[in-house]
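Residue-level structural notes
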Amino acid sequence: MKPRVMLCLLHVVLVDAVNFHLPPGGTEDVSQFNLRKLPPRGEIVAKLENVATIDPDAARTEEANQSTKELAQQKLAESEDQVQETLEKVKRVDLTDMVRRDMQMLRDVFMPGLEPSPKIIGVTSTIVGISMAWLLVYFLYIYRHDRCEHLDHWGVPDEGTNPTSEEQMPEETDIVPNDVKPDLILVFHHPNYKDQPDRDKEVTWAELHKTLVCEVSTWRIRDVLGAVVRSHPNADAAEICTKQEGDVVRGHLVDGWVALAEEPGYVATRSDNIGPVLEHMHGSTSEAFGSFRSVMKAATDGEFAHSPLQHFRRARQSLGSNFTAVDELAEHQIPTTLAARTALLQDLYLELPRWGFDVTIFSSIDDDELYVCITLGNPVAVESYLLRSGVMLQIRQDVVSKLGISQPPEEVVSSPPMLRYDPRIVKNLHKAGVLERDDPRDLFKTHYGKSKEGCIVKGSDRFMMIFRQVCTHLDLDAAKSKGLLVDWYPAHSQRWLSKLSKSWGKFSLMTDLTFLQPVNLIHDYFGARVAFIFAWNGFYCKALFALSLLAIIIELAGWIARSYIDAVIVQKRVVLAFSIVTVVWARLAVNMWTREQQFFLKMWEMTEDSSHEVPRPSFQGEKQPSPADLNLMVKQYPAHSAAARRFCSTLFTLVFCCLVAACIILWFQIFQGNLDLAASVCLSVMIVFFQLVYNLLVPVLTEWENHEYQSTYYDSYVCKQFMFECVNRYSAFFFLAVKQRWTEAGCPHGGCMASLKKQLWMTLLILSASRIAQIFVASIIVRLKIMWDGLRSKCVGDSRTVGWPKGGCRPNENDDF
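For every chain, the first residue of its written sequence is number 1, and the numbers climb from 1 along that sequence. For a predicted model such as this one, the threshold for reporting local features is a pLDDT of at least 70, and the threshold for listing and counting side-chain atom pairs is 80 or more; totals across whole chains, interfaces and linings nevertheless cover every residue. Side-chain metrics in this entry use all non-hydrogen atoms of the structure; hydrogen atoms and water are not considered.

Some remarks on the overall build of the chain
Counting from the N terminus, the helices are DSSP H or I runs at least four residues long and the strands are E runs at least two residues long. Counting its secondary structure elements, the chain contains 24 helices and 17 strands. Taken over 817 residues, the chain has a buried fraction of 37%. Taking contacts inside the chain between residues at least 6 apart in sequence as the whole, the part at least 24 apart equals 70%. When the accessible surface of the chain is summed, it comes to about 48200 Å², and 60% of that surface belongs to carbon and sulfur atoms. Think of it in three bands: residues with accessible area under 20% of the maximum for their type are buried, residues over 50% are exposed, and the middle band is partly exposed, with areas taken using a 1.4 Å probe on protein chains only. Here a residue-residue contact requires only that any non-hydrogen atoms of the pair lie within 4.5 Å. Per-residue and other accessible areas were derived by the Shrake-Rupley procedure at a 1.4 Å probe size, with only the shown protein chains allowed to occlude residues.

Now the structure itself:
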């Protein structure tokens, strides 16, 4: 039963009991019983019924609300009292005294023992103010940026001008024939040179299989206005898109269809009504590198051992009747290094022209090497590679003015934009009267390093086109590591080297205090990565020049002040002032470099788009359906395995850094704080030694990580170098600045900061001198080699074929390869 109902019933019972004891009639005075007047019984019953119908939860809720309201009012009253009390305290607080006590606390924590002095504060403020004024004057009026696109500062003609004099168009190098200007050179062992130590070494499939990679053919749409791209060659599927006439596609030939490599779908090679739809261009078929594949086959299953005569005839047929190394195959019953080298040389000589490249071979002076010179000069091939590589070409300045856009040509920001090559744009501009000829050289900037007629593709882009095409079939680095190639490298242009020498590589330029660099010229010749490296180094050195002058002046002022004030006090105050200046300088330098970097990125049209990035030939994986197109099989490597390799590589780098740090701690323990010249020499030797060792290890570690693209490979390489260099070059000085005072030896006489400064400048001086000596020795060695080759070429020059230079000759008619 509910409690309130029970109380009411008890009330009724008591009333009945009282009435029971009253006399009959009920008229007696009840006050004698000390009872209050009770309500009538009917009223009580009505109240009982009302109570019985009341919801107890609602009643409790009402009571809780009332309690909450009373509690809130009580807390509000307490808060008002606290606010009044706080306001009274604030009125009594002395703000000046509070700030003074807080400053004293900060000074005791961060600068113990510092007693402010108006003289010292004034001197520090003066130094900081003068330094700020100098930095503003330097960066606003003295500093010169490297954005200049023209070479007028050095008196060198621009690249867009057609050279007419011998001074502008110097003779090419004597290493290659006069009529050959290669973009890429492959160096092979001469097959007939008998003194090769490894020519008879047996080769295995494991040594050769990483050399070849899958190939993709190039096709061009002809004879029709468009070619329908379908999702599957054997089904009437819906159209995906329509390729226009002249478009270039890449893919694999599959039963009369070309499976596209860069987008989903297939294109028919022939049409029943119109005729051919696709024309095979500069690509290879499945029979590419047949000679080299036959050598790999022989090394794999022992085919020669089971049927030597059959293999002998097939080798003669595929490699040529003059292939003398077949006899050695028969003798050793297993392919040799000589056979693999010769097969690769023969295949490249046949495949490179099919890809649209011009090939010339000449021998070295002592006939021990063959130089395969590869050139991209065919206009049709150039147009094909431009269409599919996505190279950005810069528009000529005069074309901009013809389009009705007036810009001051002397302004750097008025540099013409870059545009992807499209022959239809050239044709339409010619029809509109903007261009005089239907010639892309009238629209795009022309380079004259290769020919007097000029080419719209600069040397670095031609090299990258050749390199990408070769890497789709052949891993040059793997071939070099396995001994199939001696070396490979891009060929220099004497005209470009002459311009770089006049504007960048002369000792007389050291007197030019503007320290300008031809960054745009470096970009056009070496590429964006090298250009950014020198742009950053040049900016950092020029920005550091302003800080160096301040450091020298402040150091001299501190040295003079030591004659009148305590040396320790002077050193602390100078460090405080220079620290403030360094912070401001660093912020200015970061902002200016960010602006410089963004300018070059925009000027060179560089984006993070990796759609045209070619997979590295050394990338290992299994062919699986591509995530972008399940019909396309591409090499893929498991993500968890790649992450595990990166983790192990990073762990090895950290362990090596710990080893370097342990050696530096041992170095400090040996000298026990006596950091003299001997300690600096020992530290410098350690830094150089560990750097040489790690420079040999980091390429192996990064290659082992199996990166698919060169960009990720380079990022990983730089991260590892950054981690290692932080420990190798700076941990010793960090230890001296932070840890030395807490060691048993403690700080030497003059303080730890003086010891750090002394050790820092001695070590940096030794490292700089060793680096300069290293560069000087390397330069001398290169010059001596060139002189030696020149003397040797003069000795044998008369016996060479007429029309070929002193540095090389065509292979002899009886050379068997």
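A few points about the environment of Tyr-489
With respect to the secondary-structure elements, Tyr-489 resides in strand β15 (residues 487-490). For the pair Tyr-489 and Ile-185, spaced 304 residues apart in sequence, the C-alpha to C-alpha distance is 5.6 Å. Leave out the neighbours within four places in its chain, and Tyr-489 touches Leu-184, Ile-185, Val-187 and Tyr-371.

Let's talk about the nonpolar core
To define a nonpolar core, start from buried Ala, Val, Leu, Ile, Met, Phe, Trp, Tyr and Cys residues and group those joined through side-chain atoms within 4.5 Å. Membership of the largest hydrophobic core comes to 52 residues, with the highest contact counts inside it found for Leu-186, Phe-188, Phe-292, Leu-344, Leu-352, Val-372 and Leu-386. Looking at this core element by element, the count peaks at 6 residues for helix α11 (residues 337-354). Apart from residues no more than four positions distant in its own chain, Leu-186 is found in contact with Leu-348, Leu-370, Tyr-371, Val-372, Ile-374, Leu-476, Leu-485, Asp-487 and Trp-488. The next biggest cluster of nonpolar side chains, apart from the first, holds 34 residues, and it includes Val-519, Ile-522, Ala-531 and Phe-532.

What about the sheet that holds strand β11 (residues 358-363)?
If you trace the 4 strands from one edge of the open sheet to the other, you get β11-β12-β1-β15, paired in antiparallel fashion. Edge positions in the sheet fall to β11 and β15, since each of these pairs with one other strand and no more. Sheet twist, expressed as the mean angle between neighbouring strand axes with direction ignored, is 20 degrees. Pairing between strands is defined by DSSP: at least two bridges between them are needed. Relative to β15, strand β1 (residues 184-189) runs antiparallel, the two sharing 4 bridges. In the strand pairing of β15, Leu-184 is matched with Pro-490. Throughout, an axis means a line fitted to C-alpha atoms (over the contacting stretch in the case of helices), and angles, computed between N-to-C directions, take values from 0 to 180 degrees. Set on the sheet, helix α15 (residues 459-471) makes contact with β1, β12 (369-375) and β15; between it and β15 the angle comes to about 145 degrees.

Let's talk about the packing of helix α22 (residues 677-704) against helix α23 (residues 710-738)
Running from N to C, α22 and α23 cross one another at 160 degrees; their axes reach a closest spacing of 10 Å. The pairing of α22 with α23 is recorded here as roughly antiparallel in orientation. For the element pair α22 and α23, the recorded crossing hand is right-handed. Only Tyr-713, Ser-716, Tyr-717, Lys-720, Gln-721, Phe-724, Glu-725, Asn-728, Arg-729, Ala-732 and Phe-733 of α23 make contact with α22, whose side of the interface consists of Leu-683, Met-686, Ile-687, Phe-690, Gln-691, Tyr-694, Asn-695, Val-698, Pro-699, Leu-701, Thr-702 and Glu-703. Charged means Asp, Glu, Lys or Arg here, nonpolar means Ala, Val, Leu, Ile, Met, Phe, Trp, Tyr, Cys or Pro, and polar covers whatever is left, Gly included. Looking at side-chain class alone, the contact of α22 with α23 contains 13 nonpolar, 6 polar and 4 charged residues. Geometric relationships in this document are graded by angle, where less than 35 degrees denotes roughly parallel, more than 145 denotes roughly antiparallel, 65 to 115 denotes roughly perpendicular, and other angles denote oblique. Rotating anticlockwise by less than a right angle from the far helix to the near helix defines a left-handed crossing, while the corresponding clockwise rotation defines a right-handed one.

Focus on the side chain of Asn-728
When you line up the elements, Asn-728 lands in helix α23. In this structure Asn-728 comes out as buried when scored by relative accessible area, which is 2%. Think of a polar contact as two N or O atoms within 3.5 Å of one another; within protein, one of them needs to be a possible hydrogen donor and the other a possible acceptor, and neighboring residues in sequence only count if both atoms come from side chains. A polar atom in the side chain of Asn-728 sits 3.1 Å from the backbone oxygen of Ile-687. Setting aside chain neighbours within four positions, we find Asn-728 in contact with Val-660, Ile-664, Met-686, Ile-687, Phe-690 and Gln-691.

A closer look at helix α18 (residues 519-526)
Across the 8 residues of α18, 7 count as buried, placing the element largely inside the fold. Restricting attention to buried positions, one finds in α18 the residues Val-519, Asn-520, Leu-521, Ile-522, His-523, Asp-524 and Tyr-525. Once α18 ends, the next one or two residues include Gly-527, with phi positive near 105 degrees.

Considering the confidence of the model for the chain
Taken as a whole, the chain shows an average pLDDT of 74; of its residues, 72% reach a score of 70 or greater. Within the chain, no element has a lower average pLDDT than helix α8 (residues 303-306), which sits at 40, and none a higher one than β1, at 91. When the criterion is pLDDT under 50, residues 163-175 qualifies, and its contacts beyond four places in sequence or with other chains add up to 29 contacts. pLDDT is defined as a per-residue confidence score from the predictor, taking values between 0 and 100. Taken as a whole, residues 301-332 scores under 50 in pLDDT and shows 46 contacts with residues more than four places along the chain or in a different chain.

Structural notes on the pattern of salt bridges
Any Lys or Arg side-chain nitrogen found within 4 Å of a carboxyl oxygen on Asp or Glu counts as a salt bridge. One pass over the structure, following the stated rule, counts 16 salt bridges. As a salt-bridge pair, Glu-351 and Arg-354 come within 3.0 Å of each other at their nearest N and O atoms. Highlighted residues: Glu-351 and Arg-354, both in helix α11, separated by 3 residues, approximately one helical turn. Residue Glu-351 is classed as buried on the basis of its relative accessible area of 3%.

Notes on a nonpolar patch on the surface
Any residue with relative accessible area above 30% and no salt bridge may belong to a patch, with like charges joined within 9 Å and the nonpolar Val, Leu, Ile, Met, Phe, Trp and Tyr side chains within 5 Å. A surface patch of nonpolar side chains, about 550 Å² in accessible area, is lined by Leu-513, Phe-515, Phe-545, Leu-549, Ile-552 and Leu-556. For Leu-549, the location among the structural elements is in helix α19 (residues 528-561). The class for Leu-549 is partly exposed, based on a relative accessible area of 31%.

Some thoughts on the packing of aromatic side chains
A pair of Phe, Tyr and Trp rings is counted when the ring centres sit within 6.5 Å of each other, with Trp represented by its six-membered ring. The angle between the planes then sorts it: under 30 degrees is stacked, over 60 is edge-to-face, the rest tilted. Applying the stated criterion across every chain, the model contains 27 aromatic pairs. Consider the rings of Phe-689 and Phe-690, whose centres lie 5.6 Å apart with planes at 65 degrees: the pair is edge-to-face. Under the relative-accessibility criterion, Phe-690 is labelled buried at 9%. The rings of Trp-134, Tyr-138, Phe-139, Tyr-143, Phe-515, Trp-536, Phe-539, Tyr-540, Phe-545 and Trp-593 are connected pair by pair, giving a single aromatic cluster. When the NZ atom of lysine or the CZ atom of arginine is within 6 Å of a ring's centre and also within 35 degrees of its normal, the charge is said to sit over that ring. The cationic tip of Lys-499 hangs over the ring face of Trp-496; the distance from NZ or CZ to the ring centre is 5.8 Å. If you follow Arg-616 out to its NZ or CZ, it ends over the ring of Tyr-713, 4.3 Å from the centre.

Description of unusual backbone geometry
Positive phi outside glycine occurs at Phe-515, with the angle close to 55 degrees. Here Phe-515 shows up in the loop between α17 (494-503) and α18. For Asn-706, which is not a glycine, the phi torsion comes out positive at approximately 60 degrees. Along the polypeptide, Asn-706 turns up in the loop between α22 and α23. Overall, the relative accessible area of 7% leaves Asn-706 in the buried class.

Things to note about the packing of helix α21 (residues 639-671) against α22
The axes of two packed helices give the description: the angle between them and the distance between them. Two numbers describe how α21 lies on α22: the axes approach to 11 Å, and their chain directions differ by 170 degrees. Viewed along their axes, α21 and α22 adopt a mutual orientation that is roughly antiparallel. From α21, Arg-645, Cys-648, Ser-649, Phe-652, Thr-653, Phe-656, Val-660, Cys-663, Ile-664, Trp-667 and Phe-671 reach across to α22, where they touch Ala-678, Ala-679, Cys-682, Leu-683, Met-686, Phe-690, Val-693, Tyr-694, Leu-697, Leu-701 and Trp-704. Class assignment for the residues of the contact of α21 with α22 results in 19 nonpolar, 2 polar and 1 charged.

Focus: α22
Between its first and last C-alpha atoms α22 spans 41 Å; for 28 residues at 1.5 Å apiece the expected length is 40 Å, and the two agree. The complete set of buried residues in α22 reads Ala-679, Ser-680, Leu-683, Ser-684, Met-686, Ile-687, Phe-690, Gln-691, Tyr-694, Val-698, Leu-701 and Thr-702. Positive backbone phi, at 60 degrees, marks Asn-706, one or two positions downstream of α22. Take the residue count of a helix, subtract one, and multiply by 1.5 Å to get its expected span.

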